[in-house]
Amino acid sequence: MPKVKTNRVKFPEGWELIEPTLRELQAKMREAENDPHDGKRKCETLWPIFKVAHQKSRYIFDLYHRRKEISKELYEFCLDQGYADRNLLAKWKKPGYERLCCLRCMQPRDHNFATTCVCRVPKHLREEKVIECVHCGCKGCASGD
């Protein structure tokens, strides 16, 4: 007779330390998803969602890589459960991508002339000083800023 699968998730040690912050960010995400988008451009409606997703990923990344406050087991658990974007965290580890806002800003196929997003250009090389990324609303995520 096969075993019955249950939906119970075993939380690793240290989960109780980060759970309140993750729940707060989940509530912010729910609020951003339900926020009315009257009068906004089509691309602007997703900006708050990208911002909260970035905050969650950055929170987990900083706890593990910078402050070393959580275990590898808890870090992997958060990635497996979808609390952070695994691909974005992998890019943050590479030099030149430490402040990357979203993966879409670095993909050449999503931009004119097969380049990266304008938010990836360092501030001292920009013609316009104040810019906003069309994809996520970032005002600049180049490493040299």
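Here, every reference points to the structure presented above.
The paragraphs below set out a description of the structure included in this document. Computed from a prediction, not measured in an experiment: that's the story for all the values here.

**Some thoughts on the overall build of the protein chain**
Assigned secondary structure in the protein chain consists of four helices and zero strands. Buried residues in the protein chain amount to 34% of all 145 residues. Long-range pairs, those at least 24 residues apart, make up 50% of the contacts in the protein chain between residues at least 6 apart in sequence. For the protein chain, the computed accessible surface area is about 10200 Å², with 52% contributed by carbon and sulfur atoms. Of note, the protein chain has its 29 positive side-chain charges centred 4 Å away from the centre of its 21 negative side-chain charges.

**Topic: helix α3 (residues 72-80)**
Residue pairs spaced three or four apart in an α-helix point in one direction, given the helix's 3.6 residues per turn. Residues of α3 that are buried include every one of Leu74, Tyr75, Phe77, Cys78 and Leu79, and no others. In this structure, the buried side of α3 is in contact with α1 (15-34), α2 (47-66) and α4 (86-92). Residue glycine 82 follows α3 closely and has a positive phi angle near 85 degrees.

**Thoughts on the packing of aromatic side chains**
Counted according to the given criterion, the structure contains six aromatic pairs. On the basis of an interplanar angle of 80 degrees and a centroid distance of 5.5 Å, the ring pair of tryptophan 15 and phenylalanine 77 is categorised as edge-to-face. Taken together, the positions of tryptophan 15 in helix α1 and phenylalanine 77 in helix α3 put the pair 62 residues apart, joining distant regions of the chain. Neither residue differs from the other here; tryptophan 15 and phenylalanine 77 are each classed as buried. Measuring from ring centre to ring centre gives 4.2 Å for tyrosine 64 and tyrosine 75, while their planes differ by 15 degrees; the resulting arrangement is stacked. One end of the pair, tyrosine 64, is in helix α2; the other, tyrosine 75, is in helix α3, with eleven residues separating them in the sequence. Through pairs of rings, three or more aromatic residues link up here, namely Phe11, Trp15, Phe77 and Tyr83.

**Concerning the environment of leucine 22**
On the secondary structure map, leucine 22 appears in helix α1. When its relative accessible area of 1% is taken as the criterion, leucine 22 is described as buried. Along the backbone, leucine 22 and tyrosine 83 are 61 residues apart, and their C-alpha atoms lie at a distance of 7.8 Å. Not counting residues within four places of it along the chain, the set of residues in contact with leucine 22 comprises Trp15, Tyr59, Ile60, Cys78 and Tyr83.

**A word on the nonpolar core**
Ranked by size, the top nonpolar core spans 31 residues in total, and within it Ile18 and Cys119 carry the most contacts. Residue assignment for this core shows that the elements contributing at least two residues are α1, α2, α3 and α4. When we break this core down by domain, the ones giving at least three residues each are domain 1 (1-93) and domain 2 (95-144). Residue contacts for isoleucine 18: discarding those within four places in its chain leaves Tyr59, Leu63, Ile70, Leu74 and Cys78.

**A word on the pattern of salt bridges**
Using the criterion set out here, one finds ten salt bridges in the structure. The partner of glutamate 132 in a salt bridge is lysine 139, with the nearest N and O atoms 2.8 Å apart. Overall, glutamate 132 belongs to the partly exposed group, its relative accessible area being 38%. The structure contains a network of salt bridges with shared partners spanning Lys72, Glu76, Asp80 and Arg86.

Reading guide: rules and limits
- Residues numbered from 1 in each chain as written.
- Predicted model: local features only at pLDDT ≥ 70, side-chain atom pairs only at ≥ 80, totals over all residues.
- Heavy atoms only, no water.
- Helix = DSSP H or I, 4+ residues; strand = E, 2+ residues; numbered from the N terminus.
- Buried < 20%, exposed > 50% of the residue type's maximum accessible area, 1.4 Å probe, protein only.
- Contact = heavy atoms within 4.5 Å.
- Areas by Shrake-Rupley, 256 points an atom, 1.4 Å probe, with all protein chains shown as cover.
- Lys, Arg positive; Asp, Glu negative; His and termini not counted.
- Charge placed at Lys NZ, Arg CZ, Asp CG, Glu CD.
- Phe/Tyr/Trp six-rings, centres within 6.5 Å; stacked < 30°, edge-to-face > 60°.
- Core = buried A, V, L, I, M, F, W, Y, C linked by side-chain atoms within 4.5 Å.
- Domains from an automatic or database assignment.
- Salt bridge = Lys/Arg side-chain N within 4 Å of Asp/Glu carboxyl O.

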